[in-house]
Every structure is written in structure tokens, then in C-alpha cells.
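Here is how the chains run, residue by residue.
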Amino acid sequence: MVSVSPHAVRIRARGGEGGGTGPIAGGTFPLVPAPKKALRRSLTVTSAALTALALLSPAALAAPSPSTSPSATPPASMSGVGGARLGKPGTQVDLAGGAPVLPKDLTARSWIVADAESGDVLAAHNAHWELAPASTLKMLFADTLLPKWPKTTKRKVQVSDLAGIGSGSSMVGIKEEETYTVHDLWLGVFLRSGNDAVHVLSAMNDGVEKTVADMNAHAKELQAGDTTVVSPDGYDMPGQVSSAYDLTLFARSGLQKKDFREYASTVRAKFPGETKKDKKGKTSREPFEIQNTNRLLAGDADVEVYPGIAGVKNGYTTNAGNTFTGVAEQGGKVLLVTVMHPAEDKHNEVYKETARLFDWGFRAAGKVRPVGELVRPRSATAASPSAEASGEAGGTGKGGAGTKPVAGAAAGDGAGGAGVAAGIAAGVLALLAGGAFLINRKWPLPDLVRRRTRP
């Protein structure tokens, strides 16, 4: 592995877990505002140069073999959770009059397009196929652990906290014996897909083994029966699987929590650097900037920021290929799209296929008959709507309605993002008297982060 300073690119082996796409996705690198047209050529040249460096690096040449070899053919019969059609192999869609046809150039092994609030599945392709999830599994990690500590909780990182991180993992740049807030650590998880941040939070949760058990229990509560967690960070492990359907459930559940919404929509932030001492013995600790590896949120040389995008999480391993779950809002409609392992493992292909499915979903809304539904958590009908909607870190249950954390701006320790606006409006959208969730499977989301067009 080629490593330089926390402010520079860290090249990872393709066999490891990465928060982005392609072989250059781990670690941190110098960040600039989202590229303008005038910068696209230079960014493209830089990307090509870095790719060449990765291919020549010893780590890339010594990339470990996948833990399992995924089949290119889906099972003949899969889970029927959410509807019988979702358990059938192949594409499931029921076009009504005037509905647009699905994009013709989709190559992903599995994908799903769903209404985030009603739970209606508008279309799906091998939705319950159990595949390696990569870092999209961090959505379940966050949904499970976010309520455990207030953002201001501090942790001095021990050597044991960083033990067992897989070779070639994506890292945010956490250092032993340095102190970080929980807010810092979650920024590292969401923006840089940092396996080091995941392991520190797991240590705070009494270890990886307990965290894995907690995640599997929470997956069961969410009725995510395709998911088996072995490693909390999504690193390739034998037997670790999820599905496009389950990943969408994780995103939908996480988006009920205001902190989850904030972190998932943050474009860039400041992360604490390493404490250094000058010749006079004076110490200083300068932060460095990190940027979200979700290309539909942050943009890239060949990917435009998607209109209305508000998260959620991307991932990559050799075994999983590229995986991504996104949420976007247009015209009052909120859609969730998950795409797993495009056959064309080209740079940013997973984002391009996701964007095409979003485009189709927003045009097709109201013109297709649902082929299934996203089920609610087992306890959802008995839970208090206000508790579900607030979901504030630290488990206080206070401040969920009426607070307005700003994605990429002031959340305690300096999450920042030029041109990014956020607004978490009060409460859920509409509730029946007596506090029950709306009938007909309606599980309303609080207002998502809205984005303004960059200047």
C-alpha cells in the first residue's frame, strides 16, 4: 500500500473495503470545492495519473483474493418479504398507461427503486439477491449505534481500538493516542467510509463482536432477512451478505434519525489532524478537510451532483464490486434507489446507473403499479411517532422536531460545505390522531436535507 500524509491520497488494494468506487477510494486527499467546468480536464488528468499509480503500487499488485466468489446468476427463488414478486429473479415492473420504460443500459446484478415514504416498490431487479454489501453496510452500523452517545462524547484512541482492521481498508486517518469526539468519528464513517472510525466506535460499544451481534439483532428488527453481518465495516468476510432490498430498509430506517440525515448529506468537513510539536516544544493540532465519497452528492469529473440528492452511502470491495444507496427528493416525492455490483465495473458506473433509475422513478411515480413494498420495522406500529422521528444521537429524544442541523455547516465541530443548505423541519409529515402511523404502510420521513444549486 502506498501511504502519504493524512492530507494526501492513500492508495488501497482492490481487495479491501473502500468507501468510493474503483481502486482509489481509501484514506484522505486534498480537497477543493466541487469541480467547475473549467477544472474538469485537470481533474480527469489527475484521476488518470492516480489510477496509474495505483496499478503500479505493490499493494495493488498484491491485492488479496475475494473471500467468496459471487455467482453471476441469481437464485431461482429468493425471499418474499415485501411481496412475492420481489422474490422472483429478473426485472419486476408493472407499467400503467403513460409510464416511461425502464432504462435499457442497466448492468447491475441487483437494484431497487422505492418510494421512501409510502414504501411502494416501483420497480426492482433481483431485489432479494444476497450479495456482498461493502460499505453500504455502514448504514446499518450507523442506524444501530448512532443513538448510543451524544455528539460531544470524547474518546482517546487506544492501540487496541484499531486492531483487526482489514488490509487495504479505507481510512479517515485516525491516530492512536489522539482524542476525537463522537461527532468526528461519525463524519469519518459517513464521508470517508473510514473503517478506522468504525472500529473506534465499535470499541466504545464494547467491541467488534458485540457490535456485530447488535447489528444482526437490529437487522432482524427491520425484517432484513437477507443480511448477515460478520464485520461491522462491510469489509469482505465469508458469509457476510445483504441485498438491495435490505440496504434500502437500512437507509429508510436511518433517515428517521436527524443525525443520520445530517451526516449522510454532509459534503465536506474538517477532521482533526495529528498533534505535532515544534522545535520550541509547542504543540498544535491542525484539522484537514475531508469530502464525501458519494459522487452524486459531491460530484466528480464525469458525474454531476444529482438534483435533490440528500445521501446516503456508497461502497466498494473486489468481491462486492460497487454498491450504492441514494435518497433524493423532487417535486415533493422522495425516492430511494439501491444499486449493487454493475457488470460494467467502470469508474463511477454505479452512480450513473443510480441517476438513470432516479430519473425513471421520478417520471414514473403515479404511473406504475407497485410490485412490492418496503416493510416497516417489527415494532414500528407500536412505537411513538415522535420518538421515531427524532432519533437524536445520545438517545435523549429531544430536539428531533424543530431543530435544524445544517449539513456541511455548523454541527459542533465544523462540518462545512460551500453552497450546501440543509433544513430539518419539524416532525413527521402527517400522523393520525392517537399517534399511530398512517394507514396503507405510510411511514413518513421528516423533511430531508434540501440542496441549492452550487454557484
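Residues numbered from 1 in each chain as written. Predicted model: local features only at pLDDT ≥ 70, side-chain atom pairs only at ≥ 80, totals over all residues. Heavy atoms only, no water.

**Digging into the overall build of the chain**
- Scanning the chain from terminus to terminus reveals eleven helices and 14 strands.
- For the chain, buried positions account for 56% of its 455 residues.
- Within the chain, contacts between residues separated by at least 24 positions form 70% of all contacts whose residues are at least 6 apart in sequence.
- For the chain, the computed accessible surface area is about 17,600 Å², with 56% contributed by carbon and sulfur atoms. (Helix = DSSP H or I, 4+ residues; strand = E, 2+ residues; numbered from the N terminus. Buried < 20%, exposed > 50% of the residue type's maximum accessible area, 1.4 Å probe, protein only. Contact = heavy atoms within 4.5 Å. Areas by Shrake-Rupley, 256 points an atom, 1.4 Å probe, with all protein chains shown as cover.)

**Some details on the nonpolar core**
- Ile 174, Trp 186, Phe 190, Phe 250 and Phe 260 are the most contacted members of the largest nonpolar core, which totals 67 residues.
- The leading source of residues in this core is helix H4 (residues 182-192), at seven residues.
- Setting aside residues up to four positions removed in sequence, Ile 174 forms contacts with Val 157, Leu 162, Tyr 180, Leu 185, Asp 196, Ala 197, Val 200 and Phe 271.
- Grouped together as the second largest cluster of nonpolar side chains are 29 residues, Ala 108, Val 113, Tyr 306 and Ala 328 included. (Core = buried A, V, L, I, M, F, W, Y, C linked by side-chain atoms within 4.5 Å.)

**So, the pattern of salt bridges**
- Summed over the entire model, instances satisfying the criterion amount to 14 salt bridges.
- For the salt bridge of Asp 161 with Arg 155, the shortest nitrogen-to-oxygen distance reads 3.0 Å.
- On the accessibility criterion, Asp 161 (4% relative accessible area) is buried.
- Its salt-bridge partner being Lys 156, residue Glu 177 comes within 3.8 Å of it at the nearest N-O pair. One end of the pair, Glu 177, is in the loop between strand E4 (154-156) and strand E5 (179-181); the other, Lys 156, is in strand E4, and 21 residues separate them in sequence.
- With relative accessibility at 43%, the residue Lys 156 sits in the partly exposed group.
- When salt bridges with common partners are traced through the structure, they connect Lys 151, Lys 258, Asp 259 and Glu 262 into a single cluster. (Salt bridge = Lys/Arg side-chain N within 4 Å of Asp/Glu carboxyl O.)

**Details of the packing of aromatic side chains**
- Tallied over the entire structure, the rule returns nine aromatic pairs.
- An aromatic cluster is defined as three or more aromatic residues linked by ring pairs; in this entry it consists of Phe 141, Trp 186, Phe 190, Phe 260 and Tyr 263. (Phe/Tyr/Trp six-rings, centres within 6.5 Å; stacked < 30°, edge-to-face > 60°.)

**Structural notes on the packing of H4 against helix H8 (residues 258-265)**
- Contact geometry for H4 and H8: axes closest at 9 Å, N-to-C directions at 55°. The orientation of H4 relative to H8 falls into the category oblique. In this structure, the crossing between H4 and H8 has a hand that is right-handed. Contact with H4, carried on its side by His 183, Trp 186, Leu 187, Phe 190 and Leu 191, involves Phe 260, Glu 262, Tyr 263 and Ala 264 of H8 and no other residues of that element.
- Here the contact of H4 with H8 is composed, by residue class, of seven nonpolar, one polar and one charged. (Axes fitted to C-alpha atoms, helices over the stretch in contact; angles between N-to-C directions. Parallel < 35°, antiparallel > 145°, perpendicular 65-115°, else oblique. Left-handed = near helix turned anticlockwise from the far one by under 90°. Nonpolar A, V, L, I, M, F, W, Y, C, P; charged D, E, K, R; others polar.)

**A word on the confidence of the model for the chain**
- For the chain, per-residue confidence averages 77 on the pLDDT scale, and 68% of positions sit at 70 or higher.
- Within the model, the stretch residues 1-69 combines pLDDT values under 50 with 162 contacts to residues more than four positions away or in other chains.
- Predicted confidence is poor over residues 384-441, with pLDDT under 50, and the contacts of this stretch with residues over four places away or in other chains come to 131 contacts. (pLDDT = per-residue confidence, 0-100.)

**A closer look at H4**
- Within H4, eleven of the eleven residues are buried, which leaves the element mostly enclosed by the surrounding structure.
- Buried within H4 are the following residues: Val 182, His 183, Asp 184, Leu 185, Trp 186, Leu 187, Gly 188, Val 189, Phe 190, Leu 191 and Arg 192.
- Where H4 terminates, the next one or two residues include Ser 193, which has phi positive at roughly 55°.

**Some thoughts on the side chain of Thr 211**
- Positionally, Thr 211 belongs in helix H6 (residues 208-221).
- With relative accessibility at 0%, the residue Thr 211 sits in the buried group.
- Apart from the residues within four sequence positions on either side, Thr 211 is in contact with Phe 141, Leu 145, Ser 202, Asn 205 and Pro 232.

**Overview of the environment of Leu 255**
- Secondary-structure assignment places Leu 255 in the loop between helix H7 (244-254) and H8.
- As a C-alpha pair, Leu 255 and Val 312 span 57 residues in sequence and 8.7 Å in three-dimensional space.

**Regarding the pairing of strand E12 (residues 333-342)**
- Burial runs high along E12: nine of the ten residues are buried.
- As judged from the seven bridges shared by strand E2 (residues 108-115) and E12, these two strands associate in the antiparallel manner. Residue pairing in the sheet places Trp 111 in a bridge with Val 339 of E12.
- By the bridge criterion, eight bridges tie strand E11 (residues 321-330) to E12 in an arrangement that is antiparallel. Of the residues in E12, the one forming a bridge with Thr 325 is Thr 338.
- Between the antiparallel neighbours E11 and E12 lie two residues, among them Gly 331 with a positive phi of about 60°. (Pairing = 2+ DSSP bridges.)

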